[in-house]
Amino acid sequence: MKKIQLLFILLIFYFMNACSKAEIEIENAYTPVRTENQRMFAAYFDITNNTNEAIKLTGIKSSSFNSVMLHQSSIVDGMATMRHIESLTLPTKQQVKLEPNGKHVMLMSAKEDIWEKESFILTLEFSNGSSIDKNILIKKPKK
Ligand SMILES: [Cu+2]
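Draft legend 1. View of the overall build of the chain. The helix and strand tally for the chain stands at 1 helix and 10 strands. Computed over the C-alpha atoms, the radius of gyration of the chain is 19 Å, more than 25% above the 15 Å expected from 2.2 N^0.38 for a compact globule of 143 residues. Taken along its principal axes, the extent of the C-alpha atoms in the chain is 70 × 35 × 30 Å. Per-residue burial over the chain gives 17% buried out of 143 residues. Here the contacts in the chain between residues at least 6 apart in sequence split such that 68% fall between residues at least 24 apart.

Draft legend 2. Region of the structure containing the nonpolar core. Of all hydrophobic cores here, the largest spans 18 residues; its most connected members are Ala-43, Ile-60, Val-105, Leu-107 and Leu-122. If we ignore the near neighbours within four places in the chain, the residues touching Ala-43 are Ala-29, Thr-31, His-104, Val-105, Leu-107, Leu-122 and Ile-136.

Draft legend 3. Region of the structure containing the pairing of strand β5 (residues 79–84). Among the 6 residues in β5, 0 count as buried, and that is only a small part of the element. Where strand β4 (residues 65–76) meets β5, 6 bridges bridge the pair, whose relative direction is antiparallel. Note that in β5 the partner of Ile-75 across the bridge is Ala-80. Here β4 folds back onto β5 in antiparallel fashion, the turn holding 2 residues, of which Asp-77 has a positive phi close to 50 degrees.

Draft legend 4. Local environment of unusual backbone geometry. A positive phi angle, close to 55 degrees, is found at Asn-28, a residue other than glycine. Positive phi values are uncommon outside glycine, yet Lys-93 reaches one of about 55 degrees. The residue Lys-93 is located in the loop between β6 (88–90) and β7 (94–98) in this model. We classify Lys-93 as exposed; it has 11 C-beta atoms within 10 Å.

Draft legend 5. Looking closely at the environment of Lys-56. One can find Lys-56 in strand β3 (residues 55–61). Of the residues examined, Lys-56 has 15 C-beta atoms within 10 Å and is grouped as partly exposed. Considering only alpha carbons, one finds Lys-56 and Pro-91, 35 residues apart in sequence, at a separation of 8.5 Å. Setting aside residues no more than four positions away along its own chain, Lys-56 makes contact with Ser-87, Leu-88, Thr-89, Leu-90, Phe-126 and Ser-127.

Draft legend 6. Seen up close, the pairing of β4. Examined bridge by bridge, β4 and strand β8 (residues 103–110) share 7 bridges and lie antiparallel to one another. Bridging across to β8, Ser-67 finds its partner in Met-108.

Draft legend 7. Examining the environment of Asn-135 more closely. Here Asn-135 is to be found in strand β10 (residues 131–139). Of the residues examined, Asn-135 has 11 C-beta atoms within 10 Å and is grouped as exposed. Excluding residues within four positions of it along the chain, Asn-135 makes contact with Ser-119 and Ile-121.

What counts as what
- Residues numbered from 1 in each chain as written.
- Predicted model: local features only at pLDDT ≥ 70, side-chain atom pairs only at ≥ 80, totals over all residues.
- Helix = DSSP H or I, 4+ residues; strand = E, 2+ residues; numbered from the N terminus.
- Rg over C-alpha atoms; globule rule 2.2 N^0.38 Å.
- Buried ≥ 20, exposed ≤ 12 C-beta atoms within 10 Å, placed from the backbone.
- Contact = placed C-beta atoms within 7 Å.
- Core = buried A, V, L, I, M, F, W, Y, C linked by C-beta atoms within 7 Å.
- Pairing = 2+ DSSP bridges.

What follows is the structure in C-alpha cells.
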C-alpha cells in the first residue's frame with residue numbers, strides 16, 4: 001500500500017513538471033543600447049526547445065521596429081560581417097544561444113525612441129504553429 005502511494009505521488013510530480021515546462025523557453029533576453037542616437041540594434045537571448053521534435057524559428061517581428069531580421073555574424077578575410085539567415089533550427093531538448101559575434105536579431109528603423117524605453121516586445125513564430133511575445137529588456141550603459 002505504501003509503495004502504491006509513493007508511486008502515485010511521484011506520478012503527480014511528474015505531470016506537474018511536464019505541465020509547468022514551456023515547450024519553448026526564452027531566457028536572458030536583452031538589447032544593448034549605447035547611445036541616444038543609435039540606429040541599429042541587436043537582440044540576444046537563450047532559446048530552449050523542450051519538445052521531442054526539432055522546431056524552426058521561422059518568423060520574427062516587433063511593433064517597435066520596421067525591420068527585424070535574423071543575422072549571423074562571422075569573420076570573412078579578417079573582416080567582421082553579418083549575413084541574413086532565413087530560419088533558425090532548434091534541436092530537440094537543446095539550448096541555442098543568440099549572442100554578440102554570433103547569431104542575433106537585427107533591429108533597424110525604430111518606430112519609437114528606444115533610448116527612452118525600458119523594454120519592447122519581440123514576436124517569435126515557430127514551425128509548429130506556436131508563437132511567443134517576448135519582453136526584451138533594454139540595457140543602457142551604467143551611469
Ligand atoms: Cu546583424
